[in-house]
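For reference, the chains in residue letters:
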Amino acid sequence: MRDRSSMAGAARGSRAGGKRGGGGSASSSSAAASACVYYATTALLVALCVAGACFLTSTSGAASSSSVAADGSVTAYRHTTRSSFAYEVTRERAVPAPPRGAAGDASAGGESTAVGSGTGSDEEGAEEESQPKSAVAAAAMAVMDDPHAKPDDRGGSDEAGMGMEEEHRVSAAAMEDVKGEDGDTAGGAGAGEASAEDAAVKEQEAVLEEKLEMPHEQARAAVEEKNLDGGIEEESNAAGQRQREEEQSALDDPAAGGGGGLRREAQEDPQIDGDQQPGEEIELQRQPEEERGNGNEDQARSSASDTNVEAAFGDRNGDGGDGDKASAVEDSLVGEARAEEQRAWATQADQSHREKDRRDGESDAGEEQQQEWRVCNVKAGADYIPCLDNEKAIKKLRPENFRRYEHRERHCPDEGPTCLVPLPAGYRRPIEWPKSRDRIWYSNVPHTKLVEVKGHQNWVKVSGQHLTFPGGGTQFIHGALHYIDFLQQSVRGIGWGKHTRVVLDVGCGVASFGGYLFERDVVTVSFAPKDEHEAQVQMALERGIPAISAVMGSKRLPFPSKAFDLVHCARCRVPWHADGGALLLELNRVLRPGGFFVWSATPVYQKLPEDVEIWKAMTSLTKSMCWELAGIKKDRLNGIGAAFYRKPTTNECYEGRRRQQPPMCSDDDDANAAWYIRLNSCMHRVPTAASERGARWPAEWPRRVRTPPYWLDATRAGVYGKPEPEDFTVDYDHWRRVVDKSYLNGLGIDWSRVRNVMDMRAAYGGFAAALREKKVWVMNVVNVDAPDTLPIIFERGLFGIYHDWCESFSTYPRTYDLLHADHLFSKIKERCAVLPVVVEVDRIVRPGGGIIVRDEASAVGEVEKLLRSLHWDVRLTFSKNDEGVLYAEKSDWRPELIEEPL
């Protein structure tokens, strides 16, 4: 602007000299007229620049930079990382609008919500910039629709839009600064010229005031048009972006306005990834450990206190859809602190609270800086399962413990590991389902022992860079589908996918049986021990088939009673008849009354002496357990046979036995207690009252997934405080809404690459039920310190497991694509540290996989810091009313340091 004025002065001098040389009385009036025209033109250009900038920033910024709710609170959004969906929303009290004459002071005081920063992007970045922030915010706020407090008190979306009066004041203040700058530069002009210029400027001010009305209406309309499901709408074009960049660069002169120009962080970044927004914003936090960004924190702090020009452009442009973004966005803590400073008196409680928060933050930052990640130095290497590879605990076992397979059970270390499991050499992103059922990358599970031992039975083969699975097994070498159909045709009442929905496969091998049951709309929990058949469960999970590492040993399986519709054992190598039938009695506990136990093993169809003895023992045991032998059928294609046993639905047989062996369990023996509970060789009575769980079979699938179980009691309060049946429905509706409006479209998750999912803190299984139309399966984990809702999950045709997240999960590393943690970390920190839990998350998630965290804002912040230190890509953070949501994806990073040997 000053250059223009200087050039204007030189031109005036030249013209004046020429006129004096020519002389004449008309020269003076002609010069005055020319000067008036020139200054009027200059003022018009200045006004148009300011109006254009205000128009662009108000249409994008007003729609997405902030929204003022009826309660006076502000929801602010910010980019956090590379994804087009990466926004953080912090909720703070709205600062009262300053008097009209104090617009400049308020801006300089740092009370603006957001300050813009420069951009400039490649093709992908430009596309991301065009995404409206309020659409993603609506999706994120749909995530916060949480029934955990009260089911019927869900928060709605905030009212959008800024006050038009405030925009007028800020814009007018910005124009006044520019006007004053021009006036100073042209100070050599005469009084007549100045008065003419003032008149022209006043005329342009009136035009500017009229033009500013339109952007406010457009901004409000843009906010109202946002979709709640996270949809994307175009708000600008490339030409508008280039225009704004040119106008903003004109104001980006550090010499002008006392250093008040807008700063472009992107120009100072040495490298920008191809999928990263070049103008990513950082959030200014008082706590050092919460400072984010790409090394631009100092600029963020300085830009927060810039002049009213920055306030005018920063507030509108802080989260703009396609224009330059400001260098920082103040978080709620800073906004509240500065709001406090504007009050006449600050209270001691407020001051002390802020100081304690600051010191706690510094302490946390020190701890974070001291965290040094190392790779685990264990014999299991890349296959390390802490609770199954605890060599110290296993060495302490006695010989009789090995006979009961206790060395294959869980023996967790006293403290959860904080080292990271390495990746196998040449690890690659897993093949997508359903192709993964037939082949996986050999480098991901580099084990060949099963190929050598079971290759002739069509378990698994090596084919180039892949491990291939022909679909066979020990009992179905000609394919699992033929075997599955053979079972259904053998006895009446199985009804795959209708009557029979949830199956337990004991000694599953590579889980081909469960993998092919998906085609019959049946879900199968497959399990096998981590034994000499190396990595069989790992292969199953790599294929995209549900499986856990477990063993029929000395303790109960981690499932509730009366859970499974059918239990299957195909040469599972379990001595069912030993120890008084303790292991078969455990199956009786988890099998639903009226459900089938399918035993496909050599004692059923072979006549070797050993097989004959086992068959006699099994016949005696099953009769004493009142199991009905529904039939024995032979499969001529595979050359095998199967026995079908059915659990009774009444207690008549139990009461009519001559010998009470095995005995009936005592009335105080809780059949649902399963976490580290030793086996008890007894049988629980079958429920007979109409209102008892297990008294009748669930509704057919898929109706059972949405129907409240008949045994829920309307006189008892559910998890969320409403009567149990209503609570169930509230949970189901809630998760359908969150998944549809937020998770499927609003988080940037590539669902085509998601197969293995875990809900780390399931309630009624609503999250899993909402995903049932997707090609995924969900392991519902019910925490041991949470209400026991796992029976409800099984009743509705889903599956899950009990677990304590203060310990490691019984799965191989890199086996899940997506974890979902709903208020897990705030609960778990009451009993154990969060750090080992986050390390466990890192262990079981595949590179490229992710986690969704919904929790208290403080817990989300703690998890976010740890994930960032682990080089996870935090794609979205959102906070509202002390509740937060986070979505992050795991990278391939592993530390170079190795843990000291134990």
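Please refer to the structure placed before this passage.
Along each chain, residues carry numbers from 1 onward, in the same order as the chain's sequence is written. Only residues with pLDDT of at least 70 get local features here, since the model is predicted, and only at 80 or more are side-chain atom pairs given and counted; chain-wide, interface and lining totals rely on the full set of residues. With hydrogens and water stripped out, all remaining heavy atoms of the structure feed into the side-chain values.

Draft legend 1. Geometry of the sheet that holds strand 13 (residues 564-570). Taking strand neighbours across the sheet as the criterion, the 7 strands line up as 12-11-10-13-14-16-15 in an open arrangement whose pairing is mixed. Looking at strand neighbours, the two that pair on one side only are strand 12 (547-549) and strand 15 (628-635), the edges of this open sheet. Strand-to-strand, the axes of this sheet are offset by a mean angle of 20°, without reference to chain direction. A pair of strands is labelled paired if DSSP reports no fewer than 2 bridges between them. Under the DSSP-based scheme used, a helix requires at least four consecutive residues in state H or I and a strand at least two consecutive residues in state E, with every element numbered from the N terminus. With 4 bridges connecting them, strand 10 (residues 502-506) and strand 13 associate as parallel partners. If you follow Val506 over to strand 13, its bridge partner there is Cys569. The contact criterion used throughout is that any non-hydrogen atoms of two residues lie within 4.5 Å. Here an angle of 0 to 180 degrees is reported between the N-to-C directions of two axes, which are lines fitted to C-alpha atoms, with helices fitted over the stretch in contact. Across the sheet, helix 18 (residues 536-543) lies against strand 11 (523-528) and strand 12, angled at about 155° from strand 12, the strand it touches most.

Draft legend 2. Molecular detail of unusual backbone geometry. A cis amide bond links Trp433 with the next residue in sequence, Pro434, at an omega value of 10°. In this fold, Pro434 is placed in the loop between helix 14 (399-403) and strand 7 (439-441). Of note, the bond from Gln661 into Pro662 is cis; its omega dihedral lies within 30 degrees of zero at -5°. One can find Pro662 in the loop between helix 22 (652-655) and helix 23 (703-706). One non-glycine residue with positive phi stands out, namely Arg571, at about 50°.

Draft legend 3. Inspection of the sheet that holds strand 9 (residues 466-468) at higher detail. A sheet is described by the order of its strands in space; here 3 strands give the open sequence 7-9-8, paired in antiparallel fashion. Across the chains shown, the open sheet's two edge strands, defined by having one partner strand only, are strand 7 and strand 8 (461-463). Going across the sheet, the axis of each strand differs from the next one's by a mean of 35°, ignoring polarity. As paired elements, strand 7 and strand 9 share 3 bridges and run antiparallel to each other.

Draft legend 4. Inspection of the state of the cysteines at higher detail. Cysteine sulfur atoms are paired as a disulfide whenever they fall within 2.5 Å. Within the structure shown, the criterion is met by 6 disulfides. Sulfur-sulfur distance for the disulfide between Cys665 and Cys682 comes to 1.9 Å. Taking the torsion about the sulfur-sulfur bond, which here is approximately 95°, the covalent link between Cys665 and Cys682 counts as right-handed. Of this pair, Cys665 sits in the loop between helix 22 and helix 23 while Cys682 sits in the loop between helix 22 and helix 23, and the two are 17 residues apart along the sequence. Of the two residues examined, Cys665 and Cys682, each falls in the buried class. The side chain of Cys806 participates in a disulfide bridge whose partner is Cys832; the two sulfur atoms lie 2.1 Å from each other. Between Cys806 and Cys832 the sulfur-sulfur dihedral comes to about -90°; the bridge is accordingly left-handed. Burial status follows relative accessibility: with a 1.4 Å probe on protein chains alone, a residue under 20% of its type maximum counts as buried, one over 50% as exposed, and anything between as partly exposed.

Draft legend 5. The pairing of strand 23 (residues 883-889), seen in detail. A large share of strand 23 lies buried, amounting to 6 of its 7 residues. The pairing of strand 21 (residues 845-856) with strand 23 spans 7 bridges and is antiparallel. Bridging across to strand 23, Ile852 finds its partner in Tyr887.

Draft legend 6. Here's a closer look at the pairing of strand 13. Within strand 13, 7 of the 7 residues are buried, which leaves it mostly tucked inside the rest of the structure. Relative to strand 14 (residues 591-600), strand 13 runs parallel, the two being bridged by 6 bridges. Residue Ala570 lies in a different strand from strand 14, and its bridge partner there is Ser600. A right-handed crossover is one whose linking path, passing over the helix from the first strand to the second, runs clockwise when the strands point away from the viewer. A crossover connection joins strand 13 to the parallel strand 14 through helix 19 (residues 582-590); in handedness this β-α-β unit is right-handed.

Draft legend 7. Spotlight on the side chain of Glu840. Within the secondary structure, Glu840 sits in helix 28 (residues 834-844). Within polar-contact distance, the side chain of Glu840 engages the side chain of Ser808 at 3.2 Å. Excluding residues within four positions of it along the chain, Glu840 makes contact with Trp805, Ser808 and Phe809. Definition of a polar contact: a pair of N or O atoms within 3.5 Å, with one able to donate and the other able to accept a hydrogen when the atoms are protein atoms, and with sequence-neighbouring residues admitted only if both atoms are side-chain atoms.

Draft legend 8. Up close: the pattern of salt bridges. Just to be clear on terms, a salt bridge is a Lys or Arg side-chain nitrogen sitting within 4 Å of an Asp or Glu carboxyl oxygen. If you walk through the whole model with that rule in mind, you get 36 salt bridges. Here Asp389 and Lys530 are joined by a salt bridge, their closest N and O atoms 2.6 Å apart. Remark: Lys530 occurs in the loop between strand 11 and helix 18 and Asp389 occurs in the loop between helix 12 (348-370) and helix 13 (391-395); sequence separation between them is 141 residues. One salt bridge connects Glu406 with Arg404, and the closest N-O pair in it is separated by 3.0 Å. Several salt bridges converge on common partners, so that one network encompasses Asp565, Arg592, Arg704 and Glu795.

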